[in-house]
Amino acid sequence: MDQSLSLPGKIWILFSTFFRIGTFTIGGGYAMLPLIEREFVTNRKWVTQEEMIDILAIVQSLPGIIAVNASIFIGYEVGGILGAVIATIGLLISPIFIITGFAYLYINVQDMEVLQGLFVGVRSGVTALILLAGIRLGKKVLKGGFAWAVAAASLIAVAVFDVHAGLMILSAAVLGFVIYGLILRGRMS
Amino acid sequence: MIFLQLIWTFFRIGILGFGGGYVIIPLLSSEIARNQWLTSQEFADIVAVSQMTPGPIGVNAATFIGIRTAGFLGGLTATVGMILPSLILVVITAHMMQKFKESIVVQSILKGIRPAVIGLIAYAVLFFASMSVFSGSLADGSFSVEIRGAVIFTAVLMLSIKTRLHPIGAIALSAGLGMALFTLF
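Residues numbered from 1 in each chain as written. Chains lettered and ligands numbered in written order. Predicted model: local features only at pLDDT ≥ 70, side-chain atom pairs only at ≥ 80, totals over all residues. Heavy atoms only, no water.

## Notes on the overall build of chain B
- Helices and strands together make up the secondary structure of chain B, namely seven helices and two strands.
- When the helices and strands of chain B are placed in sequence order, the string is α-α-α-α-α-β-β-α-α.
- Here the C-alpha atoms of chain B give a radius of gyration of 20 Å, more than 25% beyond the 16 Å that 2.2 N^0.38 yields for 185 residues.
- With respect to the three principal axes, the spread of C-alpha positions in chain B is 55 × 50 × 35 Å.
- Expressed as a percentage of its 185 residues, the buried residues of chain B come to 49%.
- Entry remark: accessible area of chain B is about 8300 Å², with carbon and sulfur atoms responsible for 72%.
- Seen as two clouds, the 10 positive and the 6 negative side-chain charges of chain B have centres 15 Å apart. (Helix = DSSP H or I, 4+ residues; strand = E, 2+ residues; numbered from the N terminus. Rg over C-alpha atoms; globule rule 2.2 N^0.38 Å. Buried < 20%, exposed > 50% of the residue type's maximum accessible area, 1.4 Å probe, protein only. Areas by Shrake-Rupley, 256 points an atom, 1.4 Å probe, with all protein chains shown as cover. Lys, Arg positive; Asp, Glu negative; His and termini not counted. Charge placed at Lys NZ, Arg CZ, Asp CG, Glu CD.)

Set out below in structure tokens:
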């Protein structure tokens, strides 16, 4: 973690970064992964790649909205409870005002072809961005047969058998605890 | 009183909604039907707007529903109600993580979880692709490639690999290309 910044400096960066993430993320959840990764892992180095993966796992296993949970988690790590609140406010300002506009103007988006194009365009681009982020994080994590097997099993469970992502993470947690915490305990230390 | 009703309803949805937007929408749907806040057509419109505008789908839907039932303050009330459980639970979890991060139990759990998350990211790629780059499914033969989406996907992929294009730049480019391609073709 960067120690050179004062707390107000960090809080401001949290606010402005999550403001950008909230403004440019359409579709929520995983769509903001590439942005968070670029800002906090690559540029600021406040979060390591492993921590990024851990945060993704934790925020999905808890109730609530993934993007909001991520802003609270990162905000808390950087600036305590104030950081958590400010990061979340930053994330939600743009969406709240944009939605307010739509709600009061009674715009019927389903009739707007331009918006449909924007929607599909952004989704297509975001698909590429998540793919690249997944490859970068995967390189870090997928070392050895066990890791590949767990990754493949979780993809198949969620995509084919409709298993809830939270349940998948819980199963992997139990598996990790049994294998690394109990069976291979001696080898880890 | 409508504000108390909103905060309580959305607080409950915030607690029950594990996994974000696509879990929260069915929960919202049943609450709205029960309270008779909106017609089903209005609700469908709200879901469409929530998906197409920036921000988390669940928050967008909560804000929209709050506004339609009790104005702008209603929108804020619903949103605060929904994120309050998250604020409490995530702060507690983040605090515990800081405290026990180095313990063997937490480390071994994380070693199990990390590869599973990579699998979930792969699923997210498929999920987003199925709403843009292709449609239908291979299983029933309804699979088809959306050429315009595939063009944008390839362009963003290549540009991101070759240059240090910021994700925001990539998203703006995708939006512009999407509007252009879908208006022209």
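## Description of the side chain of Thr100(A)
- Assignment of secondary structure puts Thr100(A) in helix α4 (residues 66-105).
- Residue classification places Thr100(A) among the buried residues on the basis of a relative accessible area of 10%.
- Setting aside chain neighbours within four positions, we find Thr100(A) in contact with Thr63(B), Ile67(B) and Phe72(B). (Contact = heavy atoms within 4.5 Å.)

## Things to note about the domain arrangement of chain B
- Taken domain by domain, chain B holds domain 1 (2-100) and domain 2 (104-184).
- Measuring from the centre of the C-alpha atoms in domain 1 of chain B to the corresponding centre in domain 2 of chain B gives 26 Å. (Domains from an automatic or database assignment.)

## Some remarks on the packing of aromatic side chains
- In the structure shown here, the tally under the stated rule is ten aromatic pairs over all chains.
- Ring geometry for Phe127(B) and Phe128(B): centres 5.9 Å apart, planes at 90 degrees, overall edge-to-face.
- Ring geometry for Phe134(B) and Phe143(B): centres 5.1 Å apart, planes at 35 degrees, overall tilted.
- Counting every residue linked through ring pairs, the aromatic cluster contains Trp12(A), Phe15(A) and Phe19(A).
- The ring of Phe182(B) has Arg148(B) sitting right over it, with the charged end atom 3.9 Å from the ring centre. (Phe/Tyr/Trp six-rings, centres within 6.5 Å; stacked < 30°, edge-to-face > 60°. Lys NZ or Arg CZ within 6 Å of the ring centre and 35° of its normal.)

## Brief notes about the domain arrangement of chain A
Residue and element names in this part refer to chain A.
- We note that the domain assignment places domain 1 (7-141) and domain 2 (143-189) within chain A.
- On a C-alpha basis, the centres of domain 1 and domain 2 stand 26 Å from each other.
- Between domain 1 and domain 2, the residue contacts involve six residues of the former and five residues of the latter.
- Interface of domain 1 and domain 2: buried area, both sides summed, is about 400 Å²; carbon and sulfur atoms make up 55% of it. (Buried area = accessible area lost by both parts, 1.4 Å probe.)

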